[in-house]
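# Fold and contact review
The residues making up each chain are set out below.
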Amino acid sequence: MTVSGWKTSKNGQIRESQLGDAQDREAQDRNGVVSYRLSRQQTLKALEQGRKLSSEVCDAQAELRRVAHHHGVAIEEDCPVCEGEDLVQVTFAFGAGLPRGGRCVSDSAQLEGLRSRGRATTCYRVEVCRHCWWNHLQESFILRSLDSADQPR
Ligand SMILES: [Zn+2]
């Protein structure tokens, strides 16, 4: 269990190698979606029991804050830490041909655009509170071309 799965390096770049920590990998379904729900619950429990400080879990890095401000998609859920209503979701895509720091994906059209590249792309979805800066990985998934997969909708 770790919350350090989502960190930026010293130069402010988000690095894929620092995401999706092996310890965080839980249920991976057939579509390659890895959920970090359990790890999130454990983190929140640790916070509740005083084994973690809010400063340890509300530590969104500058780049993540910037992206959350400009590209965050509101989640209909209150922040689990401050109970505020400014919880958003951000998605980053990593893969060949994409920036090393990942590309921020702000809507499904962009996601489909990445899928149609026909190159393996891994996406990481993170929830971020724009009030207290709580942040945690929600899930990661691999984008594949739709040739053999189901069509969307
Ligand atoms: Zn919050």
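For the structure, see preceding data.
Okay, so let's go over this structure. (Residues numbered from 1 in each chain as written. Predicted model: local features only at pLDDT ≥ 70, side-chain atom pairs only at ≥ 80, totals over all residues.)

### Describing unusual backbone geometry
- One non-glycine residue, Glu-83, lies in positive phi territory at about 60°.
- Note on placement: Glu-83 falls in the loop between strand E2 (73-74) and strand E3 (87-95).
- Positive phi, normally seen in glycine, also occurs at Trp-133, with a value near 70°.
- Of note, Trp-133 is situated in the loop between strand E5 (121-129) and strand E6 (135-143).
- For Trp-133, a count of 20 C-beta atoms within 10 Å gives the class buried. (Helix = DSSP H or I, 4+ residues; strand = E, 2+ residues; numbered from the N terminus. Buried ≥ 20, exposed ≤ 12 C-beta atoms within 10 Å, placed from the backbone.)

### Considering the pairing of E3
- Where E2 and E3 come together, two bridges link them in antiparallel fashion. When the bridges of E3 are listed, Val-73 appears paired with Gln-89.
- Relative to E5, E3 is paired through nine bridges, and the arrangement is antiparallel. Across the sheet, residue Phe-94 finds its bridge partner in E5, namely Thr-122. (Pairing = 2+ DSSP bridges.)

What is shown is where atoms sit, not what they do.
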